[in-house]
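What the coordinates show
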Amino acid sequence: MATVFRIDPGQFDFSDVVPLPAPAQPRQQFLSGFEDVRQPQATVRVLSQVIPLDERLQPCGTAFVGEIERRTADTLALWHTRPVRAPYLAVDVPLDEIRQERVVVRVTHCDSYGLDYVIRGDVMGS
């Protein structure tokens, strides 16, 4: 059986205590300089047309426009003002100013953030 002590620091006065400078551990010294100093890539949200699909990948609702963001090569996030109930989505992802690619996304999450919903999913193919 373990005994646990709880100390309330509010009843003590620590105003004259100065923390001692702690030397870095040897492992930390060895790994210093190996940090990833690159800035994270800015994620760009673009407007895209989205079509809800059923389990047979047939359109099951009206198309809408949402903001999409490619998280990785195989995941995608979509911002919209309403939740999505369809299990799959057909998303037109713009490749450049002229071309676009339609991908099928399997919906994995639909979370509410304030007045918007974030729909995340796995890209199944194009």
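Residues numbered from 1 in each chain as written. Predicted model: local features only at pLDDT ≥ 70, side-chain atom pairs only at ≥ 80, totals over all residues. Heavy atoms only, no water.

**Side note on the environment of Ala 86**
Here Ala 86 is to be found in the loop between β3 (75-80) and β4 (88-94). In this view, Ala 86 contacts Pro 52, Leu 53, Cys 60 and Val 107; residues no more than four positions away in its chain are not counted. (Helix = DSSP H or I, 4+ residues; strand = E, 2+ residues; numbered from the N terminus. Contact = heavy atoms within 4.5 Å.)

**Examining the sheet that holds β3**
Taken in spatial order, the six strands close into a barrel running β1-β2-β3-β6-β5-β4, and their pairing is antiparallel. Adjacent strand axes in the sheet meet at a mean angle of 45°, parallel and antiparallel pairs treated alike. The pairing of β4 with strand β5 (residues 100-113) spans seven bridges and is classified as antiparallel. The residue bridging Tyr 88 from the neighbouring strand is Arg 106, located in β5. (Pairing = 2+ DSSP bridges. Axes fitted to C-alpha atoms, helices over the stretch in contact; angles between N-to-C directions.)

**Focus on the nonpolar core**
One finds Leu 76, Leu 78, Leu 89 and Val 91 to be the most contacted residues of the largest nonpolar core, which totals 15 residues. Broken down by secondary-structure element, the contributors of at least two residues to this core are β2 (64-70), β3, β4, β5 and β6 (116-125). When neighbours within four sequence positions are excluded, Val 91 is seen to be in contact with Ser 48, Gln 49, Val 50, Ile 68, Leu 76, Glu 101, Arg 102, Val 103 and Val 105. Counting five residues, the second largest nonpolar core, distinct from the first, contains Leu 53, Tyr 88, Ala 90 and Val 104. (Core = buried A, V, L, I, M, F, W, Y, C linked by side-chain atoms within 4.5 Å. Buried < 20%, exposed > 50% of the residue type's maximum accessible area, 1.4 Å probe, protein only.)

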